[in-house]
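Analysis of the macromolecular model
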Amino acid sequence: MSRPVVSVFDIESADSVASTVTLPAVFTAPIRADVVHYVHTLMAKNKRQAYAVSTRAGMQTPAESWGTGRAVARIPRVPGGGTSRSGQGAFGNMCRGGRMFGATKIWRHWHKKISVNQRRYAVSSALAASALPALVQARGHRIDNVPEFPLVLSDSLNRVAHTKDARAVLERVGAYDDVVKSRDSRKIRVGAGKSRNRRHTQRRGPLVVYDVSEGMDKAFRNLPGVELSLVDNLSLLDLAPGGHLGRFIIWTKGAFEKLDSIFGTYEESAKFKTGFNLPRAFMTNADLTRIINSDEVQSVLKPQVTGPTLVIPKKRNPLKNAAVRLALNPYQAAVVARETKKASADKATKAKVIAEKRQVLKARGKEFAGRRKAFYKAASAEGEIAF
Amino acid sequence: MPASAELLWECMKGNTSFIRKSANMPIMSREPGNLCGKHSFKFSGLANSKVLDVSSKKVGSKEKIMLTTHHKKGSRVHRPGSILLAAGLSKSTKKGLQQVTKATEGSFNRRDLMELAKIKFQKVKTSFKKKKLVFKSRRATK
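No experiment lies behind these values; they were computed from the predicted model shown.

Examining the UniProt feature "domain: Large ribosomal subunit protein uL4 C-terminal" (unreviewed entry) in chain A
Mapped onto the present numbering, the UniProt feature "domain: Large ribosomal subunit protein uL4 C-terminal" (unreviewed entry) falls at residues 275-347 of chain A. With 45% helix and 0% strand, the stretch residues 275-347 of chain A has end C-alpha atoms that lie 108 Å from each other.

Written out as structure tokens, the structure reads:
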């Protein structure tokens, strides 16, 4: 597998590339978020300090139960007299001043063992993920101005001795945005931790990995969020904080080049991790879209079945829908024809009858109008009406 | 070695720094390159090798409509600054929609998002209209 080449940037300017290095094989290791998450949850427990309540808590009384017959609950009670404590319930988790249920013990299994190979698998995955800007950006690092991933700076970084020079280097290389993010995120912790020596929380910034420090660890350590690590002891807790892949890592050239001997390649085992070989992926090509759309797969696929073969039409009510009724009952046509005919025949006769009636009424109306006129004429000829 | 989109999505689907959750809403994401702002593989601007987004951008006093796509070169995946390319879109509806069509169907880039991109273009455009609020002074005579 030919590995791409990574530019090594001069710390004076991000534009000038000092040299190039072949990408170490670790960065091509399979990215296994599940392994990283599993190993991280176990690893994170290894720095725990035991806590427990006192073994004697709540048990420092010679309390005994009064038994039955005394009209009181059977809980052990404090013996003696002369004090309000006497006769009070003791020992039980429900009693005031009693010991708690399931008292916490110091012999709880605080630290978790993880097999060495699993730990190394997780670290390889985390390193591989740190080379992908998508994952680093998703984790929340501000990397828009970083020229290349993975970010490798020349070995002159080892000699940076003052914090203001360190800051200048990060600014030139586009990594200072992440430091700013960390600085601005410093807040007082929510919860009781603030009064338990964990007063502040802030985001994690870039991780600077080096192989030899000639003063640079002291220069970088005061920058907010910046963490330092020797390439020999890279910890998953730094590479995948919170179990989330994609820490922003800044490498020195020496550290970067050392990775091949620390983790090995796919051709040779690791020199400094006995018996360790880089994990291999289950699928060499995990690009499902490309696989599905490839000629090899597409050429042996059956033709696509388009649409349903059975189409159930929408139900139409024959009592309301004339066309459907006709399809179900062909005689309906004759019935309808007969009725329309009758209706039109009826209509014709009806019209005739009405017309005749109208004629009669008209004639009568005329006759009455005539009679009215005649009466009026006669009456007006008689003269004025006087009573 | 660039990881496939599916692999990246598997790493990111649980949690990213861009996720924003609220009650009764689908999980939203504010990563650059996400057309609908929805946290899903289809719309992800980080996981996908092909990306399409229409968004507004304010440059000085001017508001622009930008079309964001993924760089064609695979090597650019390792340069955070140049993974996504933003090009301006014409603000006139006819031209702008033509440009959207050209960028999707014309270059076979996320044709599945074309219709949504066009709808978003319209929405971005209407968002530029500012409603002038007229305040009537109480001191003015009625």
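Some details on the sheet that holds strand S5 (residues 151-153) of chain A
Residues and elements named next belong to chain A. With mixed pairing, 6 strands are arranged side by side in an open sheet as S2-S1-S5-S10-S8-S9. The open sheet has two free edges, formed respectively by strand S2 (17-22) and strand S9 (227-230), since each of these has just one partner strand. For this sheet, the mean inter-axis angle between neighbouring strands, taken without regard to orientation, is 30°. Note that strand S8 (residues 207-210) and strand S10 (residues 249-252) share 3 bridges and pair parallel. Its bridge partner being in S10, Leu207 is matched across the sheet by Ile249. Across the face of the sheet, helix H8 (residues 253-263) comes into contact with strand S1 (5-9), S2, S5, S8 and S10 while running at roughly 90° to S10.

Some remarks on the packing of helix H2 (residues 93-106) of chain B against helix H3 (residues 114-128) of chain B
Residues and elements named next belong to chain B. At a closest axis distance of 10 Å, the pairing of H2 and H3 adopts a crossing angle of 150°. As summarised for this structure, H2 and H3 are arranged roughly antiparallel, according to the angle between their axes. By crossing handedness, the relation of H2 to H3 is classed as right-handed. Packed against H2, whose contacting residues are Thr93, Gly96, Leu97, Val100, Thr101, Thr104 and Glu105, the element H3 presents Met114, Ala117, Lys118, Phe121, Gln122 and Lys125 at the interface. Residue composition of the contact of H2 with H3, grouped by class: 5 nonpolar, 5 polar and 3 charged.

Some remarks on the sheet that holds strand S4 (residues 62-70) of chain B
Residues and elements named next belong to chain B. An order of S3-S4-S5 is seen for the 3 strands of this open sheet, with the pairing classed as antiparallel. Each of the sheet's edge strands pairs with one partner strand only, and the pair in question is strand S3 (52-59) and strand S5 (84-89). Averaged over all pairs of adjacent strands, the angle between their axes in this sheet comes to 35°, without regard to strand direction. Relative to S5, S4 runs antiparallel, the two sharing 6 bridges. Counterpart to Thr68 in the pairing with S5 is Ala86. Across the face of the sheet, H2 comes into contact with S3, S4 and S5 while running at roughly 150° to S5. Against the sheet, H3 contacts S3, S4 and S5, and its axis sits at roughly 15° relative to S3.

Observations concerning the pairing of S3(B)
Residue and element names in this part refer to chain B. Here S3 pairs with S4 via 8 bridges, running antiparallel. Counterpart to Asp53 in the pairing with S4 is Thr68. Joining the antiparallel neighbours S3 and S4 is a turn of 2 residues, in which Gly60 adopts a positive phi near 70°.

Examining the environment of Phe91(A)
Residue and element names in this part refer to chain A. When you line up the elements, Phe91 lands in the loop between strand S4 (76-77) and helix H2 (116-130). Expressed as a C-alpha distance, the spacing of Phe91 and His109, which sit 18 residues apart in the sequence, is 26 Å. Sequence-distant contacts of Phe91, defined by excluding residues within four places in its chain, comprise Gly58, Met59, Thr61, Ala63, Pro76, Gly98 and Arg99.

What to know about the packing of aromatic side chains
For any pair of aromatic rings, the description rests on two quantities: the centre-to-centre distance and the angle between the ring planes. Residue and element names in this part refer to chain A. For the structure on display, the rule yields 7 aromatic pairs over all chains. Arranged with centres 6.4 Å apart and planes meeting at 70°, the rings of Phe263 and Phe276 form a pair that is edge-to-face. Placement of Phe263 in helix H8 and of Phe276 in the loop between H8 and helix H9 (288-293) is noted, with a sequence separation of 13 residues between them. Taken as a pair, Phe263 and Phe276 share a single burial class, namely buried. Members of the aromatic cluster, connected to one another through ring pairs, are Phe27, Trp251 and Phe256. The side chain of Lys273 reaches across the aromatic face of Phe263, ending 4.7 Å from its centre.

The rules behind the values
Residues numbered from 1 in each chain as written. Chains lettered and ligands numbered in written order. Predicted model: local features only at pLDDT ≥ 70, side-chain atom pairs only at ≥ 80, totals over all residues. Heavy atoms only, no water. UniProt positions renumbered as here; feature names shortened; annotations may be inferred. Helix = DSSP H or I, 4+ residues; strand = E, 2+ residues; numbered from the N terminus. Pairing = 2+ DSSP bridges. Axes fitted to C-alpha atoms, helices over the stretch in contact; angles between N-to-C directions. Contact = heavy atoms within 4.5 Å. Parallel < 35°, antiparallel > 145°, perpendicular 65-115°, else oblique. Left-handed = near helix turned anticlockwise from the far one by under 90°. Nonpolar A, V, L, I, M, F, W, Y, C, P; charged D, E, K, R; others polar. Phe/Tyr/Trp six-rings, centres within 6.5 Å; stacked < 30°, edge-to-face > 60°. Buried < 20%, exposed > 50% of the residue type's maximum accessible area, 1.4 Å probe, protein only. Lys NZ or Arg CZ within 6 Å of the ring centre and 35° of its normal.

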